[in-house]
Amino acid sequence: MRFVKNMRERYFPAIAFWLANGFFMNWMPYSIKHGFLRKFCGLKIGAKSSICAHCFITGYKIEIGENTAINRFTYLDGRVSLKIGNNVNISHYVIIQTLTHDPQNPNFVCLEKPVRIEDHVWLGARAIICPGVTIGEGAVVAAGAVVTRDVSPYTIVAGNPARAIKERNRDLRYRTSYFPLFDTDIQ
């Protein structure tokens, strides 16, 4: 009985994500890759959204809206709720974490903190989104920024830790569509 429980709760999920990250993310067309992620890894992926090659995905609690582009080498941590809205642009090498540890706790306990990224957000290359953060509608996170606190809607933030530097235009009409061929930037 213990063996069966171990297989169901640990090994089957581990195999699914290992296949997703090692094979499907790197070698399959979008429709097959997204189908595998939906069926075996529990992702909810909206219409016309794309997850590019070489991303690393873990956890069953990821929801991605419509017309959202997740670029190469992005890390999505869905072990705790990770909700990404519509028309979101996530650039290369972005890290989004939902788990952390309490450095002051003698047992180094794990802290679970959901992340929410609202509609029309743009995350610049190599940005880091820390656990528990909400990024408001239309906000922009500059390349290399480390976001440790919530970002207000239509605010542009930069730095480490990220701080507001400017307001963004509120008249956003675009629909994101990014499906590059193979592992290129050619659409």
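All of the points below concern the structure found in this document.

So, how was this worked out
Residues numbered from 1 in each chain as written. Predicted model: local features only at pLDDT ≥ 70, side-chain atom pairs only at ≥ 80, totals over all residues. Heavy atoms only, no water. Helix = DSSP H or I, 4+ residues; strand = E, 2+ residues; numbered from the N terminus. Rg over C-alpha atoms; globule rule 2.2 N^0.38 Å. Buried < 20%, exposed > 50% of the residue type's maximum accessible area, 1.4 Å probe, protein only. Contact = heavy atoms within 4.5 Å. Polar contact = N/O pair within 3.5 Å; in protein donor to acceptor, adjacent residues only side chain to side chain. Pairing = 2+ DSSP bridges. Arc of directions from axis to C-beta. Patch = residues over 30% accessible without salt bridge, like charges linked within 9 Å, V, L, I, M, F, W, Y side chains within 5 Å. Areas by Shrake-Rupley, 256 points an atom, 1.4 Å probe, with all protein chains shown as cover. Salt bridge = Lys/Arg side-chain N within 4 Å of Asp/Glu carboxyl O.

The next point concerns the overall build of the chain. On a plain count of helices and strands, the chain comes out with two helices and 19 strands. Against the globule reference of 16 Å for 187 residues, the chain gives a C-alpha radius of gyration of 17 Å, in line with a compact fold. Across the 187 residues that make up the chain, the buried fraction comes to 42%. In the chain, the share of contacts with a sequence separation of at least 24, taken over all contacts with a separation of at least 6, comes to 26%.

Attention now moves to the side chain of Asn-21. Residue position: Asn-21 is located in helix 1 (residues 2-27). At 2.8 Å, the side chain of Asn-21 and the backbone nitrogen of Ile-57 are in polar contact.

With zero of five residues buried, strand 19 (residues 163-167) lies mostly on the surface of the structure. Bridging between strand 18 (residues 155-158) and strand 19 involves four bridges; their strand directions are antiparallel. Bridge pairing in strand 19 places Val-157 opposite Ala-164.

Here we take up helix 2 (residues 30-41). Considered for burial, the residues of helix 2 that qualify are Tyr-30, Lys-33, His-34, Phe-36, Leu-37 and Cys-41. The buried residues of helix 2 occupy an angular sector of 155° when projected down its axis, which confines them to one face. Facing away from the buried side of helix 2, by more than 90 degrees, are the exposed residues Ser-31 and Lys-39. Of the residues trailing helix 2, Gly-42 is marked for its positive phi of about 75°.

Taken together, Tyr-11, Phe-12, Ile-15, Trp-18, Leu-19, Phe-23 and Trp-27 make up a surface patch of nonpolar side chains, about 810 Å² in accessible area. Note that Leu-19 resides in helix 1. Exposure remark for Leu-19: the relative accessible area of 31% places this residue in the partly exposed category.

We now examine the pairing of strand 18. Pairing geometry for strand 16 (residues 140-141) and strand 18, over two bridges, is parallel. Its bridge partner being in strand 18, Val-141 is matched across the sheet by Val-157. Two successive antiparallel strands, strand 18 and strand 19, enclose a turn made up of four residues, where Gly-159 displays a positive phi of approximately 100°.

Turning our eyes to something else, we now look at the sheet that holds strand 15 (residues 134-135). The parallel open sheet is built from five strands, whose spatial order is 1-4-7-12-15. This sheet does not close on itself; its edge strands, each paired only once, are strand 1 (44-45) and strand 15. Looking at chain direction, strand 7 (residues 82-84) and strand 12 (residues 115-117) are connected through three bridges and run parallel. Counted as the bridge partner of Ile-84 is Ile-117 from strand 12.

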